[in-house]
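So you can see what is in the structure, the chains are spelled out below.
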Amino acid sequence: MNMQEYPLFIDIYKGEGRILIIPNIRHIGGFSVNSHNTFSINIFSDSKTIGQAVFNALEYIKNSPPDTSTPYDRQTHPVWKENTKYKSKISFYKNNHHATVEIYENGNYDVYSLYRYDDGYGDIAKKIALPSNATADDIGQAIIEVLEHVEQYNNVTAKETYQTIQLLDNSTITFTIPDDVHFVDSEDSGAFEIYQCYSYIPKNGNESIAEFYLGIASELDCNLSPENICNCLVELNGKADRLKVENVEYGIFRVRAEMRNKSVHKISYFLQMADDLLLECGMEVHQPNKRKKTDEKLSNLFEQFALSCKKTVSPQFSASQ
């Protein structure tokens with residue numbers, strides 16, 4: 001008899017010469033915690049053995065009563081620390097790629113890996129859906145594939161510099177710092193509406209000619225209708241030579257606005273964080289007609305900057321700490 005609630009979760013970590021499989025079980029408080037009963041495999045290519053270990057973990061979850069551990073127990077005896085040579089969570093994150101197997105009540109599976117950041121794991125990197133009759137080999141192959149995908153990504157981006165900021169709703173955003181020596185970290189530019197700003201100061205210059213920033217777009221009053229966005233852009237920047245607002249699926253963002261006149265070339269991506277909170281990722285290039293090559297270069301760089309923005313979340317085993 002299954003004493004747990006669906007969906008069921010199994011955490012997978014690849015690193016330190018092994019694949020670590022951690023069942024998640026329901027706590028009496030209604031949340032999930034990592035089980036101290038873990039499975040470890042030291043052959044990364046053995047798909048059948050990996051899949052069978054997942055089946056074993058699933059049976060363990062189904063036969064486990066609700067967990068009764070106290071917060072003190074989980075803090076002093078975290079599961080991750082029992083299965084690593086590293087002494088801190090951050091070191092564990094940096095040396096382990098992460099995937100999850102999610103099992104639904106109808107028996108179907110979702111196998112997915114998560115992007116790794118400096119302080120945890122974030123958005124889904126690659127996901128594979130499997131039917132309820134999937135074999136151990138099928139599940140093991142899916143785990144190998146999603147982990148290889150995120151491992152390649154993490155290896156490529158390991159040399160990039162990331163920054164994480166906290167937003168007003170206490171969530172966090174991780175992004176790649178603009179890769180150009182002319183950018184200066186202006187922090188919040190002394191404005192409540194800005195989380196983070198990077199100013200572009202050319203060689204031998206002393207004034208910024210462009211900015212990349214993350215902010216709350218307070219002037220929109222949380223209204224992302226095209227008409228409202230257009231009206232606000234014109235009111236703040238003057239009559240537009242070019243003005244376009246469109247719905248997009250660009251990383252975490254869902255609305256894109258672009259405006260241009262002789263004073264400014266402005267691109268903004270927006271995400272509705274809550275009914276009363278927006279996130280804007282914006283670029284402003286001043287007097288773009290006078291610096292067309294710089295404007296083109298920064299526009300391309302800004303698209304990369306916006307796409308790099310990721311919402312970060314704590315890994316599931318954090319409840320066990």
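What you see is a predicted model; the values in this text were computed from it and never measured.

**Some thoughts on the side chain of glutamine 163**
Checked against the element boundaries, glutamine 163 lands in strand E8 (residues 162–166). With a relative accessible area of 18%, glutamine 163 lands in the buried category. Reaching out from glutamine 163, the side chain makes a polar contact with the side chain of glutamine 196 at a distance of 3.1 Å. Within the local environment of glutamine 163, its side chain forms a polar contact with the side chain of tyrosine 198, the two groups lying 2.6 Å apart. What glutamine 163 contacts, discounting residues up to four positions off in sequence, is Ile173, Thr174, Phe175, Ile177, Asp185, Gln196 and Tyr198.

**Re the sheet that holds E8**
Spatial strand order, E8-E9-E17: 3 strands in an open sheet with antiparallel pairing. Unpaired on one side and paired on the other, E8 and strand E17 (310–312) mark the two borders of the sheet. Across this sheet, the average inter-strand angle for adjacent strands is 35 degrees, counted without regard to direction.

**Side note on the environment of glycine 122**
With respect to the helices and strands, the residue glycine 122 is situated in strand E7 (residues 120–130). You can call glycine 122 buried: its relative accessible area is 7%. Through-space distance from the C-alpha of glycine 122 to that of threonine 312 is 4.3 Å; in sequence the pair is 190 residues apart.

**Notes on the packing of aromatic side chains**
The final tally for this structure, using the stated rule, is 16 aromatic pairs. A centroid spacing of 5.2 Å and a plane angle of 75 degrees characterise the contact between phenylalanine 183 and tyrosine 200, whose relative ring orientation is edge-to-face. With phenylalanine 183 in strand E10 (residues 183–187) and tyrosine 200 in strand E11 (residues 194–200), the pair connects residues that are 17 residues apart, well separated along the chain. Each member of the pair phenylalanine 183 and tyrosine 200 is classed as buried. Taken together, a centroid distance of 5.9 Å and an interplanar angle of 40 degrees make the contact between phenylalanine 253 and tyrosine 269 tilted. Here the residue phenylalanine 253 occupies a position in strand E14 (residues 253–260), and tyrosine 269 occupies one in strand E15 (residues 264–274), the gap between them amounting to 16 residues. On the basis of relative accessibility, which here comes to 0%, the residue phenylalanine 253 falls in the buried class. An aromatic cluster of three or more residues is present, and its members are Phe175, Phe183, Tyr198, Tyr200, Phe212, Tyr250, Phe253, Tyr269, Phe302 and Phe305. For the cation-ring pair, lysine 14 lies above phenylalanine 44, with the distance from its terminal atom to the ring centre recorded as 4.8 Å.

The rules behind the values
- Residues numbered from 1 in each chain as written.
- Predicted model: local features only at pLDDT ≥ 70, side-chain atom pairs only at ≥ 80, totals over all residues.
- Heavy atoms only, no water.
- Helix = DSSP H or I, 4+ residues; strand = E, 2+ residues; numbered from the N terminus.
- Buried < 20%, exposed > 50% of the residue type's maximum accessible area, 1.4 Å probe, protein only.
- Polar contact = N/O pair within 3.5 Å; in protein donor to acceptor, adjacent residues only side chain to side chain.
- Contact = heavy atoms within 4.5 Å.
- Pairing = 2+ DSSP bridges.
- Axes fitted to C-alpha atoms, helices over the stretch in contact; angles between N-to-C directions.
- Phe/Tyr/Trp six-rings, centres within 6.5 Å; stacked < 30°, edge-to-face > 60°.
- Lys NZ or Arg CZ within 6 Å of the ring centre and 35° of its normal.

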